[in-house]
Number of protein chains: 2
Amino acid sequence: MTTTFWTDEVAELLRVRPGFTLSEVDPGAKPGTDAHKRDGAKELTRAAQELRELQEKLFAQSRLGAPDRLLVVLQAMDAAGKGGVVNHVFGQTEPYGLELTSFKSPTDEERAHDFLWRVEPRVPGPGVIGVFDRSHYEDVLIQKVRQFAPADEIERRYGAIVDFERRITAAGVRVVKIMLHISPEEQAERLLSRLNDPAKHWKYNPGDVDERLHWAEYMAAFQTAIERTDSDEAPWYVVPANSKWYARAAVQRIVISELVALSPHWPEPDFDAAAERQRVVDSQDLRWP
Amino acid sequence: MTTTFWTDEVAELLRVRPGFTLSEVDPGAKPGTDAHKRDGAKELTRAAQELRELQEKLFAQSRLGAPDRLLVVLQAMDAAGKGGVVNHVFGQTEPYGLELTSFKSPTDEERAHDFLWRVEPRVPGPGVIGVFDRSHYEDVLIQKVRQFAPADEIERRYGAIVDFERRITAAGVRVVKIMLHISPEEQAERLLSRLNDPAKHWKYNPGDVDERLHWAEYMAAFQTAIERTDSDEAPWYVVPANSKWYARAAVQRIVISELVALSPHWPEPDFDAAAERQRVVDSQDLRWP
């Protein structure tokens with residue numbers, strides 16, 4: 001821990017444990033820090049450098065064959081701050097090592113396939129940090145709450161997700177699932193703020209209110225999804241998100257601690273550096289036209 | 001122009017004009033500014049905000065149907081700074097509105113298709129800034145210099161590129177092609193610097209020296225490619241790149257001026273904001289369990 005912002009290892013605090021109960025998590029809490037808003041922005045900028053260095057090593061070692069990569073799955077109620085996390089945390093990484101996928105309502109073609117059909121091609125390749133803004137978890141959240149799929153199909157999907165995540169983990173993908181957790185009161189404020197600012201109108205979707213009316217059912221669906229799919233290989237984190245700056249700093253720290261656990265390192269060159277230096281030096285004697 | 005960094009409209013200065021001659025461009029020049037290195041880094045950070053706002057409007061308006069998007073093609077000799085431009089210019093944009101494609105040596109499957117087969121799926125969708133790190137221009141640069149394709153096939157490709165770019169332009173894609181122009185002496189220094197730093201070894205490729213030995217032929221191939229494919233709809237810019245900070249600031253300013261020309265704007269909402277506000281307010285009376 002190279003910072004005084006965090007008083008504790010926040011990734012440990014927010015990691016879901018056996019017996020986890022979502023309704024006991026306070027969306028307004030700020031586990032692991034006594035800091036204030038201004039410190040949050042400063043910490044985000046400071047740690048961005050740390051994140052970029054880890055990311056560059058991860059990317060570099062993949063060029064010489066290392067299979068490791070990270071997949072960060074973001075799930076949340078509308079307006080919980082996924083977009084802000086993407087822009088402020090992952091927006092401070094290097095584009096070469098980042099692949100963002102925003103999953104929308106499935107198309108007709110996607111609906112005609114198994115729910116994981118559209119997910120598989122978006123699994124990041126070696127060296128890359130993949131970010132899913134929504135994911136295959138929509139298929140056991142909105143699809144369950146709004147009964148877009150029958151109960152036995154929803155039931156089948158929990159097992160399919162566990163199998164899928166286990167398989168890609170075995171191929172070198174570290175899967176990290178993060179729920180941003182806001183209160184319904186906070187959501188109402190954020191929706192109103194979008195409606196009150198013409199520059200934010202495009203972020204507002206009338207459907208958000210329709211989903212909001214099912215809040216309790218969504219929380220139950222999250223609880224079940226987390227229980228059924230949490231594992232050491234593909235862990236869930238639940239991040240209190242009523243405070244945007246806290247949620248961003250916490251997600252950044254979780255990603256950093258997951259990358260540190262992968263211990264990426266500069267790869268050994270597959271060429272003779274001294275010989276190559278000589279080749280470059282020799283080429284300087286050429287006369288350029 | 002909202003800056004004192006640029007004394008002149010740099011996009012105008014670096015835009016290729018009829019009669020353009022690459023050999024007359026000094027890779028060490030800094031057209032349009034009298035500033036120094038420290039100012040370059042400051043300008044990059046300052047203008048990043050300007051770029052992000054334009055990008056967000058471009059993205060926002062696409063959500064309500066606007067077709068506009070930007071495709072930035074980066075071409076250069078090895079170590080000319082494409083990576084730095086991607087990380088420092090486009091790395092300061094929002095991930096939602098950015099799609100980066102790094103084109104490598106074609107695979108066997110890609111080779112079995114027409115050269116534009118792998119390019120077409122990477123054309124950005126509405127609202128997105130697409131960045132090509134290398135592109136279909138490799139097919140008339142390295143492929144010409146190293147004679148990987150016969151002369152009549154290379155000849156065919158110029159016309160195919162013009163047709164392709166005209167077609168996607170008509171669909172709403174603004175195509176901007178940028179050559180980063182370094183001197184062979186500067187390239188040698190950068191290759192040696194990569195060889196002297198173990199954290200940069202992974203960026204070094206012995207093949208870079210092989211290509212370097214064909215410098216004059218590459219410059220001739222660039223000259224022909226630019227002549228044959230430059231147009232008002234899909235213009236070329238040649239950016240002197242011996243100074244990294246100058247090249248980055250210049251590319252950033254070109255991208256900003258191209259975005260300004262698209263004049264993106266916040267879209268009109270397709271819902272009744274007052275009615276939606278009332279729906280949110282009403283939903284606050286629900287009792288949350």
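By convention here, each chain's residues receive numbers from 1 onward along its written sequence. Here the convention is simple: chains get letters from A, ligands get numbers from 1, in the order in which they are written. In keeping with the predicted nature of the model, local features appear solely for residues at pLDDT of at least 70, side-chain atom pairs appear and are counted solely at 80 or more, and the whole-chain, interface and lining totals rest on all residues. Only hydrogens and water are set aside; all other atoms, that is, all heavy atoms of the structure, feed into the side-chain values.

J.: Outline the overall build of chain A, supporting the account with residue identities and numerical values.
T.: Helix numbering and strand numbering both begin at the N terminus, where a helix is a DSSP run of H or I of at least 4 residues and a strand a DSSP run of E of at least 2. Of the regular secondary structure elements, chain A holds 11 helices and five strands. Taken along its principal axes, the extent of the C-alpha atoms in chain A is 75 × 45 × 45 Å. When burial is assessed residue by residue, chain A has 55% of its 289 residues classed as buried. The contact definition used throughout considers only heavy atoms, calling two residues in contact when any of these lie within 4.5 Å. For chain A, the share of sequence-separated contacts (at least 6 apart) that also reach a separation of at least 24 residues comes to 82%. Accessible surface area values rest on a Shrake-Rupley calculation with a 1.4 Å probe, where residue burial reflects the displayed protein chains alone. In the form shown here, chain A has an accessible surface area of approximately 12800 Å², with 49% of it arising from carbon and sulfur atoms. Burial here depends on accessible area, computed with a 1.4 Å probe over protein chains only, as a share of the maximum for the residue type. Under 20% is buried, over 50% is exposed, and the range in between is partly exposed.

J.: Quick one: what's the story with the relation of the copies chain B and chain A, residue by residue and with numbers?
T.: By a simple turn and slide, chain B fits onto chain A: the slide is 0.0 Å along the axis, the RMSD is 0.0 Å, and the turn is 180°. With respect to symmetry, the two chain copies, as superposed, fit the operation of a two-fold axis. The fraction of interface residues of chain B whose copies in chain A are also interface residues reaches 100%, indicating that both copies meet through the same surface. Residues below a pLDDT of 70 in either copy are left out; the C-alpha atoms of the rest, at least 70 in both, set the least-squares superposition of the copies.

J.: Summarise the sheet that holds strand 2 (residues 98-102) of chain B; cite the residues concerned and give the values.
T.: Residue and element names in this part refer to chain B. Strands were regarded as paired on the criterion that DSSP finds at least two bridges between them. What the five strands build is an open sheet, ordered 2-3-1-4-5; its pairing is parallel. Both outer strands of the open sheet, strand 2 and strand 5 (236-240), are each paired with one neighbouring strand and no more. With strand direction ignored, the average angle separating the axes of adjacent strands in the sheet is 20°. Judged from the five bridges that link them, strand 1 (residues 69-76) and strand 3 (residues 129-133) form a sheet pairing that is parallel. Axis definition: a line fit to C-alpha positions, over the contact stretch in the case of helices; interaxial angles, taken between N-to-C directions, run 0 to 180 degrees.

J.: So, the side chain of A:Lys177: which residues are in play, and what are the values?
T.: All names here are of chain A. Along the polypeptide, lysine 177 turns up in strand 4 (residues 173-181). Its relative accessible area of 0% is what places lysine 177 among the buried residues. A polar contact is formed between the side chain of lysine 177 and the side chain of glutamate 165, at a distance of 2.7 Å. Discounting chain neighbours no more than four positions away, the residues touching lysine 177 are Val73, Tyr137, Glu165, Thr229, Asp230, Ala234, Pro235, Trp236 and Tyr237. Throughout this description, a polar contact denotes any pair of N or O atoms lying within 3.5 Å of each other; where both atoms belong to protein, one of them has to be capable of donating a hydrogen while the other can accept it, and for residues adjacent in sequence the pair is counted only when both atoms sit in side chains.

J.: Give a description of unusual backbone geometry that names residues and reports values.
T.: Residue and element names in this part refer to chain B. Backbone geometry at alanine 79 places phi at a positive 65°, although glycine is not the residue there. Within the secondary structure, alanine 79 is located in the loop between strand 1 and helix 3 (82-88). Although it is not a glycine, arginine 134 sits at a positive phi angle of roughly 70°. Within the secondary structure layout, arginine 134 lies in the loop between strand 3 and helix 5 (142-145).

J.: Pulling in residues and values, what's your account of the interface of chain B and chain A?
T.: If you look at the interface, chain B gives 55 residues, while chain A gives 55 residues. When chain B packs against chain A, close to 4600 Å² is buried across both sides, 68% of that on carbon and sulfur atoms. Only one rule defines a salt bridge in this text: a Lys or Arg side-chain nitrogen within 4 Å of an Asp or Glu carboxyl oxygen. Counting across the chain B and chain A interface gives four salt bridges. For B:Lys203, the salt bridge is made with A:Glu56, and the minimal N-O distance between the two is 3.9 Å. Summed over the shared surface of chain B and chain A, the result is 16 residue pairs in polar contact (both at pLDDT 80 or more). Counting only elements with at least two residues in the side of chain B that touches chain A, the list comes to helix 2 (37-63), helix 3, strand 2, helix 7 (184-195), helix 8 (207-212), helix 9 (215-229) and helix 11 (273-283) of chain B. For the side of chain B that touches chain A, the leading source of residues is helix 11 of chain B, giving seven residues. Using a 1.4 Å probe, buried area is obtained as the accessible area two parts lose upon being combined, added over both of them.

J.: Could you give an account of the sheet that holds strand 5 (residues 236-240) of chain A, with specific residues and numbers?
T.: Residues and elements named next belong to chain A. Reading across the sheet, the five strands line up as 2-3-1-4-5 and stay open at both edges, with parallel pairing between neighbours. Among the strands making up the open sheet, the edge pair consists of strand 2 (98-102) and strand 5. Each neighbouring strand pair of the sheet contributes to a mean axis angle of 20°, computed without reference to strand direction. Two elements, strand 1 (residues 69-76) and strand 4, share eight bridges in a ladder whose sense is parallel. Of the residues in strand 4, the one forming a bridge with leucine 70 is arginine 174. The sheet contacts of helix 6 (residues 151-170) involve strand 1 and strand 4, and relative to strand 4 the element is tilted by about 135°. Contacts between helix 9 (residues 215-229) and the sheet are confined to strand 1, strand 4 and strand 5, with strand 4 contributing the most and set at about 155° to the helix.

J.: Describe in detail the environment of A:Ile256, supporting the description with residues and values.
T.: Residue and element names in this part refer to chain A. Structurally, isoleucine 256 is set in helix 10 (residues 244-262). In the structure, isoleucine 256 is positioned 136 residues away from glutamate 120 in sequence and 25 Å away in space, judged by C-alpha atoms. When neighbours within four sequence positions are excluded, isoleucine 256 is seen to be in contact with Ala47, Glu50, Leu51 and Leu54.

J.: I'd love a proper account of the side chain of A:His201, names of residues and values included.
T.: Position of A:His201 among the secondary structure elements: in the loop between helix 7 (184-195) and helix 8 (207-212). A polar atom in the side chain of A:His201 sits 3.0 Å from the backbone oxygen of A:Leu195. Once you skip the residues sitting within four places of it in the chain, A:His201 turns out to touch A:Arg194, A:Leu195, B:Pro269, B:Phe271 and B:Ala273.

J.: Please give an account of the pattern of salt bridges that cites residues and values.
T.: Residue and element names in this part refer to chain A. Overall, the coordinates contain 48 salt bridges over all chains when judged by the stated rule. The closest approach of N and O atoms between arginine 174 and glutamate 258, which form a salt bridge, is 2.7 Å. In this pair, arginine 174 sits in strand 4 while glutamate 258 sits in helix 10, placing the two residues 84 residues apart along the sequence. Residue arginine 174 is classed as partly exposed on the basis of its relative accessible area of 21%. When its relative accessible area of 5% is taken as the criterion, glutamate 258 is described as buried. A cluster of three or more residues bridged by salt bridges with shared partners is formed by Glu43, Arg46, Glu50 and Arg253.

J.: Which residues make up the environment of B:Ala171, and what values do they have?
T.: Tracing the chain through its elements places B:Ala171 in the loop between helix 6 (151-170) and strand 4 (173-181). Residues B:Ala171 and B:Gly125 lie 46 residues apart in sequence; the distance between their C-alpha atoms is 10.0 Å.

J.: Provide a residue-level description of the packing of helix 6 of chain A against helix 9 of chain A, including the pertinent values.
T.: All names here are of chain A. Running from N to C, helix 6 and helix 9 cross one another at 45°; their axes reach a closest spacing of 9 Å. Compared by their axis directions, helix 6 and helix 9 come out oblique. Where helix 6 crosses over helix 9, the two elements pack in a sense that is right-handed. Along its contact with helix 6, which presents Glu155, Tyr158, Ile161, Val162 and Glu165, the element helix 9 presents Thr224, Ala225, Arg228 and Thr229. Amino acid classes used here: Ala, Val, Leu, Ile, Met, Phe, Trp, Tyr, Cys and Pro are nonpolar; Asp, Glu, Lys and Arg are charged; the rest, including Gly, are polar. Here the contact of helix 6 with helix 9 is composed, by residue class, of four nonpolar, two polar and three charged. Should an angle lie under 35 degrees it is considered roughly parallel, over 145 roughly antiparallel, and from 65 to 115 roughly perpendicular; all remaining angles are considered oblique. If you view the pair so one helix is near and one far, a crossing is left-handed when the near helix is turned anticlockwise from the far one by less than a right angle, and right-handed when it is turned clockwise.

J.: I'd like to hear about the packing of aromatic side chains, residue by residue, with values.
T.: Only the six-membered ring of Trp is used, alongside the rings of Phe and Tyr, when aromatic pairs are assigned; centres must lie within 6.5 Å, and planes under 30 degrees apart are stacked while those over 60 apart are edge-to-face, with the rest tilted. On inspection of all chains with the given rule, the structure shows 18 aromatic pairs over all chains. Taking the centre distance of 5.9 Å and the plane angle of 70° together, the rings of B:Trp6 and B:Tyr246 count as edge-to-face. Taken together, the residues span a long stretch of sequence, with B:Trp6 in the segment before helix 1 (10-14) and B:Tyr246 in helix 10 (residues 244-262) at a distance of 240 residues. The class of B:Tyr246 is buried, set by a relative accessible area of 0%. For the ring pair B:Phe59 and B:Tyr96, a centre distance of 6.4 Å and an interplane angle of 40° mean the geometry is tilted. Residue B:Phe59 is located in helix 2, and its partner B:Tyr96 is located in the loop between helix 3 and strand 2; the two are separated by 37 residues in the primary sequence. For B:Phe59, a relative accessible area of 12% translates into the label buried. One aromatic cluster is present, built from ring pairs that chain together A:Phe5, A:Trp6, A:Trp245 and A:Tyr246.

Scope: geometric values only; no functional claims are made or implied.
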